[in-house]
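# Observations on chain architecture
Each chain, letter by letter, is given below.
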Amino acid sequence: MNNHQFSYMPGGEPFFFRGGQTGCLLIHGFTGVPREVRWLGEYLAGQGHTVYGARLSGHGTTPDDLRRLHWRDWLGSAVDGLKLLRDQCERVFVLGLSMGGMTAINLAAQYPEQVAGIVTMSTPITIKADWRMNFVNLISLFQPYMQKQPADPAELARLTEHVSYSVWTTTAVRQFMDYLRVTDAALPRVAAPALLIHSKGDKFIPPHNLTHIYERLGSKDKEMLWLEQSGHIVTEDLEKHIVFERAAAFVQKHEA
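The following paragraphs examine the structure supplied in this document. Worth saying up front: this structure is predicted, and the values here are computed from it rather than measured.

## Looking at the state of the cysteines
Counted according to the given criterion, the structure contains zero disulfides. This cysteine, C24, is not joined by any disulfide, and C89 carries the nearest cysteine sulfur, 8.3 Å off. Judged by its relative accessible area of 0%, C24 is buried.

As structure tokens, this is what we get:
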């Protein structure tokens, strides 16, 4: 029996809105919480869809909970969410922010019969060079956490309600790097329709990731949406309503 007691950070709990026969699985980013996609979930629920905002393993609690996890644990949390919605809906779309977008790609590649379409937002395949990444295996042996670099002040001022861990868990960063490679390899196996969203103002994940994903993605039906004024967390930033409207239109177009 697992005696591990945990309590959620603000916004760390999963959410569920019951609606119609189209399900939307929403997946947050690395070190983030379900709340960063909750407004999008509320918008899609308002369109009549059944919505589940998954909590990925080790997230929304404490950074220590990430230390013993493998990237397959994060993917497994999303698989559970997909099964939950598939049991209740005729079709399921997967919408993910950042690492959540990576997870949407992997779900579509592994479960082509079960994913009706994907929406990726601010999704990485390559990340900005940081010399520490080359030594993360070594660093993780004696330094369990690394301080995050300060976020862009203007973006911080806009995202007053954003919640995430304040540190990187080094063993989890190592798993994240592996997950990037796994996701890149999965791109050609995706056949589902795809809407790919990225902001030109994303200072965290370079915008060239969008074109990389678009070019390697196996989907015949795929479209890019460039944002101009947002940072990385496009679901909470200045153009969030553009994201919500385009995501909802994409679901409506492909649910037939």
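## Thoughts on the packing of helix 2 (residues 71-86) against helix 6 (residues 170-186)
Relative to each other, helix 2 and helix 6 sit at 65 degrees, their axes nearing to 8 Å. Comparing their axes, helix 6 and helix 2 come out roughly perpendicular. Taken together, the residues of helix 6 that come into contact with helix 2 (itself represented by W71, W74 and L75) are A172, Q175, F176, D178, Y179 and V182. Class assignment of the residues belonging to the contact of helix 2 with helix 6 gives a composition of seven nonpolar, one polar and one charged.

## Focus on the sheet that holds strand 1 (residues 15-17)
Reading across the sheet, the seven strands line up as 1-3-2-4-5-8-9 and stay open at both edges, with mixed pairing between neighbours. Two strands bound the open sheet, and with one partner strand each, they are strand 1 and strand 9 (222-227). When strand polarity is set aside, the average angle formed by the axes of neighbouring strands in this sheet is 15 degrees. In the sheet, strand 5 (residues 117-121) pairs with strand 8 (residues 194-199) via four bridges, with the strands oriented parallel. Counted as the bridge partner of V119 is L195 from strand 8. Here helix 2 sits on the sheet and contacts strand 1, strand 2 (22-27), strand 3 (50-54) and strand 4 (91-97); the angle it forms with strand 2, its principal contact strand, is near 165 degrees. Across the sheet, helix 3 (residues 99-110) touches strand 2, strand 4 and strand 5, and the angle it forms with strand 4 is around 145 degrees.

## Observations regarding the pairing of strand 8
By the criterion of burial, strand 8 is predominantly enclosed, with six of the six residues buried. Along strand 8, one buried face is formed by A194, L196 and H198 and the opposite face, lined by L195, I197 and S199, is buried too.

## Some words on the environment of A157
With respect to the helices and strands, the residue A157 is situated in helix 5 (residues 153-158). Along the sequence, A157 and G60 sit 97 residues apart, while their C-alpha atoms lie 22 Å from each other.

## Thoughts on the environment of Q47
Within the secondary structure, Q47 is located in the loop between helix 1 (38-46) and strand 3. Taking the C-alpha atoms as reference points, Q47 and Q114, separated by 67 residues in sequence, lie 21 Å from one another.

Calculation criteria
- Residues numbered from 1 in each chain as written.
- Predicted model: local features only at pLDDT ≥ 70, side-chain atom pairs only at ≥ 80, totals over all residues.
- Heavy atoms only, no water.
- Disulfide = S-S within 2.5 Å.
- Buried < 20%, exposed > 50% of the residue type's maximum accessible area, 1.4 Å probe, protein only.
- Axes fitted to C-alpha atoms, helices over the stretch in contact; angles between N-to-C directions.
- Helix = DSSP H or I, 4+ residues; strand = E, 2+ residues; numbered from the N terminus.
- Parallel < 35°, antiparallel > 145°, perpendicular 65-115°, else oblique.
- Contact = heavy atoms within 4.5 Å.
- Nonpolar A, V, L, I, M, F, W, Y, C, P; charged D, E, K, R; others polar.
- Pairing = 2+ DSSP bridges.

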